[in-house]
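In case you want the letters, here they are:
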Amino acid sequence: SAVQAGEGTRQLTTTQAALETQLGATVTQIRSYERGIQQAVGTILGFVSRLGKTAVRCKAAAGFIVNRVSRPMFLCAMRMLERGRGDPVTIDSALRTAGGFPAGPFQLADFAGLDEDLAVSEILYELLGRPDRLRPAEIERKLILQGCRGRRSDAGFYVYRDRGSVSPNPAR
């Protein structure tokens, strides 16, 4: 998650902190501005430590550290899906099992909401000069147009049924 201390701060996405907390993130990015109050930074560092998380100080950059590193992985997974080289269950499982991630990219996108996830991709794509590797995935646009927005609509890359039952979404 990202925490900022100082005047005029703006978060890239409003759901990122809640998402990462619920999925067991252990790193919190701390960005302090030149005009930031050092006492506030110290308070935030102490709070993060008491939560049992690791605080990482970072400079202002589009997407901070986590989104800059994870977004290419998410988009690569989506391109694999678009090209028929894998499915959400297999790709998510591989990243959880072999990669040690608490959740795979399709699970995370569904949890955040496909519209939120697509918005993050679009923002980074524009802010970083429209590099092809960060071009937003068409599969997300397709699912959103079909009304599949993730968990909150009961369907995204997965379909969510009563009593927590989850299965791949055949609409993709």
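What counts, and where the lines are drawn
- Residues numbered from 1 in each chain as written.
- Predicted model: local features only at pLDDT ≥ 70, side-chain atom pairs only at ≥ 80, totals over all residues.
- Heavy atoms only, no water.
- Helix = DSSP H or I, 4+ residues; strand = E, 2+ residues; numbered from the N terminus.
- Contact = heavy atoms within 4.5 Å.
- Core = buried A, V, L, I, M, F, W, Y, C linked by side-chain atoms within 4.5 Å.
- Buried < 20%, exposed > 50% of the residue type's maximum accessible area, 1.4 Å probe, protein only.
- Arc of directions from axis to C-beta.
- Polar contact = N/O pair within 3.5 Å; in protein donor to acceptor, adjacent residues only side chain to side chain.
- Axes fitted to C-alpha atoms, helices over the stretch in contact; angles between N-to-C directions.
- Parallel < 35°, antiparallel > 145°, perpendicular 65-115°, else oblique.
- Nonpolar A, V, L, I, M, F, W, Y, C, P; charged D, E, K, R; others polar.
- pLDDT = per-residue confidence, 0-100.
- Lys, Arg positive; Asp, Glu negative; His and termini not counted.
- Salt bridge = Lys/Arg side-chain N within 4 Å of Asp/Glu carboxyl O.

1. Brief notes about the overall build of the protein
Argument step 1. Within the protein, the secondary structure is distributed over 7 helices and 5 strands.
Argument step 2. Listing the helices and strands of the protein from first to last along the sequence gives β-α-β-α-β-α-α-α-α-α-β-β.
Argument step 3. For the protein, restricting intrachain contacts to residue pairs at least 6 apart in sequence, the fraction spanning at least 24 positions comes to 64%.

2. Description of the nonpolar core
Argument step 1. Of all hydrophobic cores here, the largest spans 22 residues; its most connected members are M78, F106, L114, I139, L143 and F157.
Argument step 2. Broken down by secondary-structure element, the contributors of at least two residues to this core are α3 (66–82), α4 (88–97), α5 (105–112), α6 (114–127), α7 (138–145) and β4 (158–160).
Argument step 3. No other element matches the 4 residues that α3 contributes to this core.
Argument step 4. When residues no more than four places from it in sequence are discounted, the contact partners of M78 are F106, A109, D117, A137, I139, E140 and F157.

3. Brief notes about α4
Argument step 1. Listed in full, the buried residues belonging to α4 are P88, I91, D92 and L95. Down the axis of α4, the buried set is contained in an arc of 95°. They therefore lie on one face.
Argument step 2. Looking at the buried side of α4, the elements it contacts are α3, α5 and β4.
Argument step 3. Measuring from the side-chain oxygen of the N-cap residue of α4 to the backbone nitrogen of V89 gives 3.1 Å; that N-cap residue is D87.

4. Looking at the packing of α3 against α5
Argument step 1. As a packed pair, α3 and α5 sit with axes 9 Å apart at the nearest point and diverge in direction by 105°. Comparing the axis directions of α3 and α5 gives the class roughly perpendicular. Residue-level contacts link F74, A77, M78 and L81 of α3 to P105, F106, L108 and A109 of α5.
Argument step 2. Here the contact of α3 with α5 is built from residues that sort into 8 nonpolar, no polar and no charged.

5. As for unusual backbone geometry
In most cases, non-glycine residues show a negative phi, while peptide bonds are predominantly trans.
Argument step 1. Phi at R130 is positive, roughly 60°, even though this residue is not glycine.
Argument step 2. Tracing the backbone shows R130 in the loop between α6 and α7.
Argument step 3. Positive phi outside glycine occurs at D154, with the angle close to 70°.
Argument step 4. Relative to the assigned elements, D154 resides in the loop between α7 and β4.
Argument step 5. Given a relative accessible area of 45%, D154 falls into the partly exposed group.

6. Some points on the confidence of the model for the protein
Argument step 1. Looking at the protein as a whole, the pLDDT averages 81, with 80% of positions reaching at least 70.
Argument step 2. Within the protein, no element has a lower average pLDDT than helix α1 (residues 16–22), which sits at 42, and none a higher one than α7, at 96.
Argument step 3. Low pLDDT (under 50) marks residues 5–23, which in the prediction has 39 contacts with non-local residues, meaning those over four places away or in another chain.

7. Comments concerning the side chain of R79
Argument step 1. Relative to the elements of secondary structure, R79 occurs in helix α3.
Argument step 2. We note that R79 is buried and unpaired, the nearest opposite charge coming from E82 at a distance of 4.3 Å.
Argument step 3. Other than its neighbours up to four places away in sequence, R79 contacts D132, R133, L134, R135, P136 and A137.

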